[in-house]
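One-letter residues, chain by chain:
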Amino acid sequence: MLSDDPVVVYDMMREAANRLCAFYARQVTAGGLGDPAIGEIRAVWAEVNAVDTRDLEAQRAATAEFRRRYKTRVEHRDPNELREARCD
């Protein structure tokens, strides 16, 4: 569903970023703040924060990109991973 409500579009972008970050969070090891997954999470939030809150097209593009990356990572995850990840 394509919305023109700026609040909805922004919320959808943040939710897509949350799902991507949750995928990375499951990858965190005992590496602490230097863990590569922590770096990925920080990078996603830097991308989110760089999107102009008044630019609906930029938000839609970021949403599509976060969803694409999430889907790619889920499709290529370790088959031994116990948790099933979904992004509809």
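To start, this report covers the structure provided alongside it. (Residues numbered from 1 in each chain as written. Predicted model: local features only at pLDDT ≥ 70, side-chain atom pairs only at ≥ 80, totals over all residues. Heavy atoms only, no water.)

Some thoughts on the nonpolar core
Item 1. The biggest cluster of nonpolar side chains holds 16 residues, and the ones touching the most others in it are Met13, Leu20, Tyr24, Val44, Val48 and Phe66.
Item 2. Elements represented by at least two residues in this core include exactly helix 1 (6–25), helix 2 (36–50) and helix 3 (56–75).
Item 3. Considering every element that reaches this core, the biggest residue donor is helix 1, with 7 residues.
Item 4. In this structure Val48 touches Met13, Arg14, Ala17 and Phe66, once residues within four positions along its chain are discounted. (Core = buried A, V, L, I, M, F, W, Y, C linked by side-chain atoms within 4.5 Å. Buried < 20%, exposed > 50% of the residue type's maximum accessible area, 1.4 Å probe, protein only. Helix = DSSP H or I, 4+ residues; strand = E, 2+ residues; numbered from the N terminus. Contact = heavy atoms within 4.5 Å.)

Quick word on helix 1
Item 1. When the terminal C-alpha atoms of helix 1 are compared, their 28 Å separation across 20 residues agrees well with the 28 Å that a helix rising 1.5 Å per residue should span.
Item 2. Within the span of helix 1, buried status applies to Val9, Met13, Ala16, Ala17, Leu20, Cys21, Phe23 and Tyr24. Buried positions in helix 1, seen along its axis, are confined to an arc of 155 degrees and lie on one side of it. Exposed side of helix 1, more than 90 degrees from the buried face: Val7 and Asp11 are the residues found there.
Item 3. The distance from a side-chain oxygen at the start of helix 1 to the backbone nitrogen of Val7 is 2.9 Å, and the residue carrying that oxygen is Asp5. (Expected span 1.5 Å × (residues − 1). Arc of directions from axis to C-beta. Polar contact = N/O pair within 3.5 Å; in protein donor to acceptor, adjacent residues only side chain to side chain.)

Taken by themselves, the reported measurements are silent on function.
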